[in-house]
Structures are given as structure tokens and as C-alpha cells.
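Residues per chain, in single letters:
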Amino acid sequence: IITIIKCIKQENKLIFFSKNKFILSEVISGFLEFINPIQWVNTLIPLLSYETLKFTQSFLPYIMGIESFLLINVLDYINESDSIVFCDLDNDFVFQ
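As a starting point, this report considers the structure included with it. Predicted, not measured: the structure shown is a model, and the values here were computed from it.

1. Here's the deal with the packing of aromatic side chains
Summed over all chains, the structure comprises five aromatic pairs. Measuring from ring centre to ring centre gives 6.0 Å for F31 and F34, while their planes differ by 55°; the resulting arrangement is tilted. Here F31 pairs with F34, and both are found in helix α2 (residues 21–34), just three residues apart, close to one helical turn. Each ring, one from F86 and one from F95, has its centre 5.4 Å from the other, and the planes form 15°; the classification is stacked. The buried category is assigned to F86, whose relative accessible area is 6%. For F95, a relative accessible area of 30% translates into the label partly exposed. Through pairs of rings, three or more aromatic residues link up here, namely F17, F86, F93 and F95.

2. A word on the pairing of strand β1 (residues 13–18)
Each regular strand shows side chains that alternate between the opposite faces of the sheet. Across the six residues that make up β1, a large majority, six, are buried. Because side chains alternate across β1, one face comprises the buried residues K13, I15 and F17, and the other comprises L14, F16 and S18, equally buried. Across five bridges, the pairing between β1 and strand β4 (residues 84–88) is parallel. By the bridge assignment for β4, L14 is matched with V85.

Here is what the cut-offs are and how they apply
Residues numbered from 1 in each chain as written. Predicted model: local features only at pLDDT ≥ 70, side-chain atom pairs only at ≥ 80, totals over all residues. Heavy atoms only, no water. Phe/Tyr/Trp six-rings, centres within 6.5 Å; stacked < 30°, edge-to-face > 60°. Helix = DSSP H or I, 4+ residues; strand = E, 2+ residues; numbered from the N terminus. Buried < 20%, exposed > 50% of the residue type's maximum accessible area, 1.4 Å probe, protein only. Pairing = 2+ DSSP bridges.

Shown next, in the form of C-alpha cells:
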């Protein structure tokens, strides 16, 4: 939890993923409450669809949520040089 809050405060790019799409927006909203009174003013998309995965190519900081089965497709859009933090909500794991 502390790692994710630190990444949010540093305005890193974060992608949350889970098999359960309903918890994605709840977890993301919860983390944004943790940084209160600071407000996230960058891109926030709690649930990306397949058609909008290209938004992960943004050069601006973002927080996005995707269903786990779309993770392999996201990897097609991002570069190795991109510093993106991935948060696996099903396995409680954070990696970059």
C-alpha cells in the first residue's frame, strides 16, 4: 500500500489490473482517498476497454485500470523505456 501511495505522489504511471473489473474502480478510488487533501489532476481512467488500450502510450502521468486478460495486449503498446508501475490486485503484487 505504501509503495502505491508513494508512486501516486511521485506522479508515476500506474496500471492496476484484476480479473474482477468491479473492484478496479473501488481500489483506485480508495488510493486516491489516501492522498487526500492532495488531488490527482492527471489522467484517471478506472477501467480501460480493449479499444482504449492505446491510451497507455501517453507521455503524461496516469492511473488506469484494466482486466487481467488485457494485460498482454497492453504490453504491445508500451515501450521498455516507459517507467510504468503495474499493480496486480488479485495477487497483491506491485512491479515495474
